[in-house]
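Results of the structural survey
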Amino acid sequence: MSSTSATVINGPVTPAAGKRKLVAVAAAPAKKSWLPGVRGGGNLVDPEWLHGSLPGDYGFDPLGLGKDPAFLKWYREAELIHGCWAMAAVVGIFVGQARSGIPWFEAGADPGAIAPFSFGSLLGTQLLLMGWVESKRWVDFFNPQSQSVEWATPWSKTAENFANTTGLQGYPGGKFFDPLGLVGTIENGEYVPDYDKLERLQLAEIKHARIAMLIFYFEAGQGKTPLGALGL
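Summary of the structure given here. (Residues numbered from 1 in each chain as written. Predicted model: local features only at pLDDT ≥ 70, side-chain atom pairs only at ≥ 80, totals over all residues. Heavy atoms only, no water.)

**Let's talk about the pairing of strand S5 (residues 190-193)**
The side chains of a regular strand alternate, first on one face of the sheet and then on the other. Here is the rule: Three labels apply to residues, based on accessible area from a 1.4 Å probe with only protein chains included: buried if under 20% of the type maximum, exposed if over 50%, partly exposed otherwise in between. Each helix is a run of DSSP H or I of at least 4 residues and each strand a run of E of at least 2, with the numbering of both proceeding from the N terminus. One requirement defines pairing of two strands: DSSP has to find at least two bridges between them.
Burial along S5 is one-sided: the face carrying Tyr 191 and Pro 193 is buried and the face carrying Glu 190 and Val 192 is not. Looking at chain direction, strand S4 (residues 184-187) and S5 are connected through four bridges and run antiparallel. Following the sheet pairing, Glu 187 is matched in S5 by Glu 190. Linking S4 to S5, which pair antiparallel, is a turn of two residues; within it Asn 188 sits at a positive phi near 55°.

In structure tokens form, the structure reads like this:
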């Protein structure tokens, strides 16, 4: 009885030196699903326009918002922005309740609440400052790196601080946006991104962002607070 050996190549099964070679084609990695236990389901479970290429893409798009690649790119950036604000708000929710004892969803209606600014002043400042920043982000989305120029960043001596060093929309990196060097290093004065680290942190960021945007609302719907849920 002759022995056999197996080799993974792309081609037909052919005899070689009296031995048979088993040829197989490596299967592409399966797309991750937000509902992994369900087979089929069409575009509700496995949308054809989502390919798993984005960090945290688990095929959840029941309304078909990402069918257009341009809109998909915009929605991903919007998700990142909202997620970053939500993660920052987590700190404010914990600190605010720890100092005042008032749940975050009741703070505005509390009789003892003291606002440092009038509503009109706050609204005007918000519209002015955030409107300016958001307008620049909108322009930069359609014309990447167009805002990292001297006139667009007058407080900076060099536009290099605000340049996109990773080449990825929403992940600028660089000395200014990655001061701790979590996804890059400084070599000869230049920021060099580490794309393996960046990929891992992209996934971690979007997961934490989604939790931050949802978890406290679910708790508030049950009449619970973050500190109360932790038994504090």
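Continuing now.
**Quick word on helix H4 (residues 195-221)**
Formally: To estimate the expected span of a helix, subtract one from its residue number and multiply by 1.5 Å. Bend is the name given here to the angle between axes fitted to two runs of seven residues, the run ending at a residue and the run starting at it. Pairs of N or O atoms within 3.5 Å make up the polar contacts considered here, provided that, within protein, one atom can donate a hydrogen while the other can accept it, and that residues adjacent in sequence are counted only when both atoms are side-chain atoms.
Relative to the 39 Å expected for 27 residues at 1.5 Å per residue, H4 spans 40 Å between its end C-alpha atoms, a close match to the ideal helical length. Along its length, H4 shows its largest kink, about 25°, at Ala 212. All buried positions along H4 are accounted for by Leu 198, Gln 202, Ile 206, Ala 209, Ala 212, Phe 216 and Glu 219. For H4, the N-terminal capping position is held by Asp 194, with its side-chain oxygen 3.1 Å away from the main-chain nitrogen of Asp 196. Phi turns positive, to about 75°, at Gly 223, one or two residues after H4.

**A closer look at the packing of aromatic side chains**
Aromatic ring pairs are defined here through the distance separating the ring centres and the angle between the ring planes. Going by this rule: Classification of ring pairs uses Phe, Tyr and Trp, with its six-membered ring standing for Trp, and accepts pairs whose centres are within 6.5 Å; under 30 degrees between planes counts as stacked, over 60 as edge-to-face, and the remaining range as tilted.
Throughout the structure, instances matching the rule amount to five aromatic pairs. An aromatic cluster is built from Trp 104, Phe 105 and Tyr 217, whose rings are joined through pairwise contacts.

**Looking at the layout of surface pockets**
Just so we agree on the cut-off: Using only the protein atoms, space was sampled on a 1 Å grid; points where a 1.4 Å probe fits but cannot get out form cavities, open sets with protein on both sides within 12 Å along at least five of seven lines form pockets, and lining residues are those with an atom within 4 Å of a point. Grid points are joined across faces, edges and corners, and a volume is the space filled by probe spheres set on the points. All residues other than Ala, Val, Leu, Ile, Met, Phe, Trp, Tyr, Cys, Pro, Asp, Glu, Lys and Arg, Gly among them, are scored as polar; the first ten of these are nonpolar and the last four charged.
Estimated volume of the second largest pocket: approximately 630 Å³. Along its surface, the second largest pocket is lined by 20 residues, and Phe 60, Asp 61, Arg 76, Glu 79 and Arg 210 are the ones closest to its centre. Where the lining of the second largest pocket is concerned, the elements lending two or more residues are helix H1 (69-100) and H4. The leading source of residues in the lining of the second largest pocket is H1, at four residues. For the lining of the second largest pocket, the per-class residue count stands at 12 nonpolar, three polar and five charged.

**A look at the environment of Arg 210**
Defined as follows: Any two residues having at least one pair of non-hydrogen atoms within 4.5 Å are treated as being in contact.
You can see Arg 210 is positioned in helix H4. Judged by relative accessible area, which is 26%, Arg 210 ranks as partly exposed. In this structure the C-alpha to C-alpha distance between Arg 210 and Gly 56, which are 154 residues apart in sequence, comes to 9.8 Å. Sequence-distant contacts of Arg 210, that is, excluding residues within four places in its chain, are made with Gly 56, Tyr 58, Arg 76 and Glu 79.

**A look at the pattern of salt bridges**
Selection criterion: The salt bridge definition used is simple: a Lys or Arg side-chain nitrogen within 4 Å of an Asp or Glu carboxyl oxygen.
Counted according to the given criterion, the structure contains four salt bridges. For Arg 210, the salt bridge is made with Glu 79, and the minimal N-O distance between the two is 2.8 Å. Of this pair, Arg 210 sits in helix H4 while Glu 79 sits in helix H1; the two residues are 131 residues apart in sequence, bridging distant segments of the chain. Classification of Glu 79 as partly exposed rests on a relative accessible area of 22%. In this structure, Glu 134 engages Arg 137 in a salt bridge whose closest nitrogen and oxygen atoms are separated by 2.7 Å. Of the two residues, Glu 134 and Arg 137 are both situated in helix H2 (residues 119-142); the distance of three residues between them amounts to about one turn of the helix. Overlapping salt bridges, with partners in common, bring together Arg 76, Glu 79 and Arg 210 in one network.

**Thoughts on the packing of H1 against H2**
The test is simple: Every axis in this analysis is a line fitted to C-alpha atoms, fitted for helices over the stretch in contact. Angles between the N-to-C directions lie between 0 and 180 degrees. Here a crossing is called left-handed whenever its near helix is offset anticlockwise from the far helix by less than a right angle, and right-handed whenever the offset is clockwise.
Running from amino to carboxyl end, H1 crosses H2 at an angle of 145°, the nearest separation of the two axes being 12 Å. H1 and H2 meet at a crossing whose hand is right-handed. Residues Ala 70, Lys 73, Trp 74, Glu 77, Ile 81 and Trp 85 of H1 form the contact with H2, whose own contacting residues are Met 130, Arg 137, Trp 138 and Phe 141. Classifying every residue of the contact of H1 with H2 by side-chain character gives seven nonpolar, no polar and three charged.

Nothing here speaks to function; it is all geometry.
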